[in-house]
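Below, each chain spelled out in residue letters.
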Amino acid sequence: MPALIGEILSIPAVPTLSRPLSGWGRYPVEVCEQVRPERYRDLRPAAEQQIARGQGRSYGDAALGKRVILTERVNRLLAFDATSGVLRAEAGATLAEILDVIVPQGWFLPVTPGTRFASLGGCVAADVHGKNHHHDGAFSRHVLAIELILADGSRITCSATQNAALYWAAVGGMGLTGIIGEVSLQLIPVSSPYVQVRHHAAANLAETFALFNDAALDDKYSVAWIDCLASGDSLGRSVLMCGHHAPHDDLPAALRQPTKPGKARAIPFDLPALALNPFSVKLFNALYYRQQSGKTEPFFTHYSEYFYPLDSVAHWNRLYGKRGFVQYQCVIPDSGAFAAVTALLQALSQSRRPSFLAVLKRLGPQSPGLLSFPMAGYTLALDIPLRDDGVFALLKKLDEIVLHYGGRVYLAKDAVLTPQEFRVMYPRYAEWRAIKQDVDPALKFQSSLSRRLELDHA
Ligand SMILES: Cc1cc2nc3c(=O)[nH]c(=O)nc-3n(C[C@H](O)[C@H](O)[C@H](O)COP(=O)(O)OP(=O)(O)OC[C@H]3O[C@@H](n4cnc5c(N)ncnc54)[C@H](O)[C@@H]3O)c2cc1C
């Protein structure tokens, strides 16, 4: 029905639906009222509590709430200047939709998370980081401006120079300061869709840290895959994967033709919870380590394989069975990073809970984002299946280690932090809360995460 007729008849232009919803980890699952605006002008706050949602690629309860505003249809690319590399798009646009347009014209995202299925709004709200954080900072550093739709319905432009206090509260603010409507982003130039990659094997954690600290090996991007079932002398053995955008002229002739990412294969159903057990993961890890550590010579790979390896399997989160999983991601300041990561891997190894995926990245200095996650140090991310409730005791133990070493847990991945732990980990919360109070005094923007962490309490 045309929206005008709907409005005259007082039928809401935006239909609502109540059904179970979760984040990417499929824990927790909550019945949420969902609304899906079709056009930018329908993107406006209601009278009651609500939270915006992009593509639901955050793992825990950040994009859940009483009323969830699905932004997926508000995804138009509004302007792209192929000379300056400035892109303006509605916040529901995904990185995949953007990459399809910009890469053939010689541009790339300045910062990207490990999935191209996140939305622009989700990247701003979580102030995501990539494999280049130690060089290029977080997403917010490259955002030229956002349009924020506030609780009173007004629309305000914010950036590092305009309404800056609100900007630094909104980036990393997990949708709690308002709906991000539009984003202008400065892209980086590339001359091919390929990345030149080099792998370096490390026999244990000390070697892994030595590789990260070796200036001769440093590259624009770096990430280490950790075999977190290795223990004893091999604890923390890894493959460090470094890379940079390959210049077109360096490519072999076979790679000079235009290419697009391959189609994803899908996991069609939930795997039985026992499919990923210490035995199967240990076997996989041993094979993967042997295969990847053998790639000692530089090689070219498509950007989708280097940046988004998991995207090639649609619904890979079903691998963990019906109960889902948590991704535990923390950052530890440089000074205690080696000791903390050792303690975290030991705790995981002793728990006999296999982590199918464990990655370690180096992060650079913190941004002015009041709730932004990255700080100078090392970030460890672990996928932990939720086979039974015993996993929560393990997560508490990991939290204690992180707190002891002055680190913090990433809100975009979290499902279990307590209000007290959050306040220690995010010392600029009080500054953020004051801005939230100014722009949303009635607390219209609330999520399950904000209620769990009591972000509505002073
Ligand atoms: C395989 C995989 C790899 C990942 N790798 C990384 C990584 O390397 N680095 C990293 O930083 N993160 C990473 N992530 C996490 C992911 O990038 C973030 O959680 C991101 O926020 C997801 O975007 P989304 O559109 O799915 O947001 P959602 O999950 O839908 O929402 C996340 C948060 O953003 C808010 N939000 C979303 N859209 C809007 C909007 N328009 N206005 C206001 N608030 C909004 C929501 O309220 C919520 O608080 C990864 C996730 C996956 C699944």
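Think of each chain on its own: its residues are numbered from 1, step by step along the sequence as written. This being a predicted model, a pLDDT of at least 70 is required before a residue's local features are given, and a value of 80 or more before pairs of side-chain atoms are given or counted; all residues contribute to the totals for chains, interfaces and linings. In computing side-chain values, all of the structure's heavy atoms are included and hydrogens and water are not.

### Notes on the environment of Asp218
For step 1, the next point in the chain: Secondary structure follows DSSP: runs of H or I at least 4 residues long count as helices, runs of E at least 2 residues long count as strands, and numbering of each begins at the N terminus. By secondary structure assignment, the location of Asp218 is in the loop between helix H6 (205-213) and strand E13 (221-226).
For step 2, the next point in the chain: Judged by relative accessible area, which is 32%, Asp218 ranks as partly exposed.
For step 3, the next point in the chain: Between the C-alpha atoms of Asp218 and Gly243, which are 25 residues apart in sequence, the distance is 8.8 Å.
For step 4, the next point in the chain: Residue contacts for Asp218: discarding those within four places in its chain leaves His134 and His135.
For step 5, the next point in the chain: Polar side-chain contacts of Asp218 include one of 2.9 Å to the side chain of His135. Residue exposure (1.4 Å probe, protein chains only): buried if accessible area is under 20% of the type maximum, exposed if over 50%, otherwise partly exposed. Contact between two residues is taken to exist if any of their heavy atoms lie within 4.5 Å; hydrogens are not considered. Nitrogen and oxygen atoms within 3.5 Å of one another constitute a polar contact, given that in protein one can donate a hydrogen and the other can accept it, and given that sequence-neighbouring residues count only through two side-chain atoms.

### Re the pattern of salt bridges
For step 1, the next point in the chain: Put simply, a salt bridge is a Lys or Arg side-chain nitrogen that is within 4 Å of an Asp or Glu carboxyl oxygen. With the rule as written, the count across this model stands at 19 salt bridges.
For step 2, the next point in the chain: Residue Glu182 pairs with Arg88 through a salt bridge whose shortest N-O separation is 2.8 Å. Of this pair, Glu182 sits in strand E10 (residues 179-186) while Arg88 sits in strand E6 (residues 86-90); the two residues are 94 residues apart in sequence, bridging distant segments of the chain.
For step 3, the next point in the chain: For Arg88, a relative accessible area of 33% gives the class partly exposed.
For step 4, the next point in the chain: A salt bridge links Asp389 to Arg323; its shortest N-O distance comes to 2.9 Å.

### A closer look at a nonpolar patch on the surface
For step 1, the next point in the chain: Exposure above 30% relative accessible area and the lack of any salt bridge qualify a residue for a patch; like charges then connect within 9 Å, and the nonpolar side chains Val, Leu, Ile, Met, Phe, Trp and Tyr within 5 Å. The protein chains shown are the only cover counted for residues, whose accessible areas, like all others here, come from Shrake-Rupley with a 1.4 Å probe. A contiguous nonpolar patch, built from Phe279, Leu283 and Leu287 and spanning about 350 Å² of accessible area, is present on the exposed surface.
For step 2, the next point in the chain: Along the polypeptide, Leu283 turns up in helix H7 (residues 278-293).

### What about the domain arrangement of the protein?
For step 1, the next point in the chain: Domain start and stop positions are those given by an automatic or database domain assignment. Looking at the protein, the domain boundaries give domain 1 (77-190) and domain 2 (194-252 + 262-416).
For step 2, the next point in the chain: Computed from C-alpha coordinates alone, the two centres of domain 1 and domain 2 are separated by 25 Å.
For step 3, the next point in the chain: At the interface, 30 residues of domain 1 touch 31 residues of domain 2.
For step 4, the next point in the chain: Accessible surface is computed with a 1.4 Å probe, and the buried area is the amount of it that two parts give up when combined, taken over both parts together. Overall, the association of domain 1 and domain 2 removes approximately 2,700 Å² of surface from exposure, summing both partners, and the carbon and sulfur fraction of that is 59%.
For step 5, the next point in the chain: The partner of Asp136 in a salt bridge is Lys220, with the nearest N and O atoms 2.9 Å apart.
For step 6, the next point in the chain: Seen at the junction of domain 1 and domain 2, the total is 13 residue pairs in polar contact (both at pLDDT 80 or more).
For step 7, the next point in the chain: Of all the secondary-structure elements, those providing two or more residues to the side of domain 1 that touches domain 2 are helix H4 (133-136) and helix H5 (164-170).

### Quick look at the site of the ligand
For step 1, the next point in the chain: Residues are counted as near a molecule or strand when any one of their heavy atoms sits within 4 Å of it. Lining the immediate environment of the ligand, one finds 36 residues, of which Ala52, Arg57, Ser58, Ser119 and Tyr410 sit closest.
For step 2, the next point in the chain: Gly56 is positioned such that a nitrogen or oxygen atom in its backbone is 2.9 Å from an oxygen atom of the ligand.
For step 3, the next point in the chain: One of the backbone nitrogen or oxygen atoms of Gly122 is found 2.9 Å away from an oxygen atom of the ligand.
For step 4, the next point in the chain: Protein contact buries 97% of the 950 Å² of open area that the ligand shows by itself.

### Describing the confidence of the model for the protein
For step 1, the next point in the chain: Per-residue confidence from the predictor is given as pLDDT, running between 0 and 100. Confidence in the prediction for the protein averages 92 pLDDT; 93% of positions are at 70 or higher.
For step 2, the next point in the chain: When the criterion is pLDDT under 50, residues 1-11 qualifies, and its contacts beyond four places in sequence or with other chains add up to 7 contacts.

### Brief notes about the pairing of strand E12 (residues 194-202)
Every regular strand shows the same layout, with side chains that alternate between the two sheet faces.
For step 1, the next point in the chain: Burial analysis of E12 places 7 of its 9 residues in the buried class, the great majority of the element.
For step 2, the next point in the chain: Paired strands, as defined in this entry, are two strands with at least two bridges between them according to DSSP. Sheet analysis places E12 next to strand E16 (residues 299-302), joined by 4 bridges and oriented antiparallel. Across the sheet, the residue bridging to Val197 is Phe299, located in E16.
For step 3, the next point in the chain: Alignment of E12 against strand E14 (residues 238-245), held across 8 bridges, turns out to be antiparallel. Each bridged residue has a counterpart across the sheet, and for Arg198 the counterpart in E14 is Cys242.

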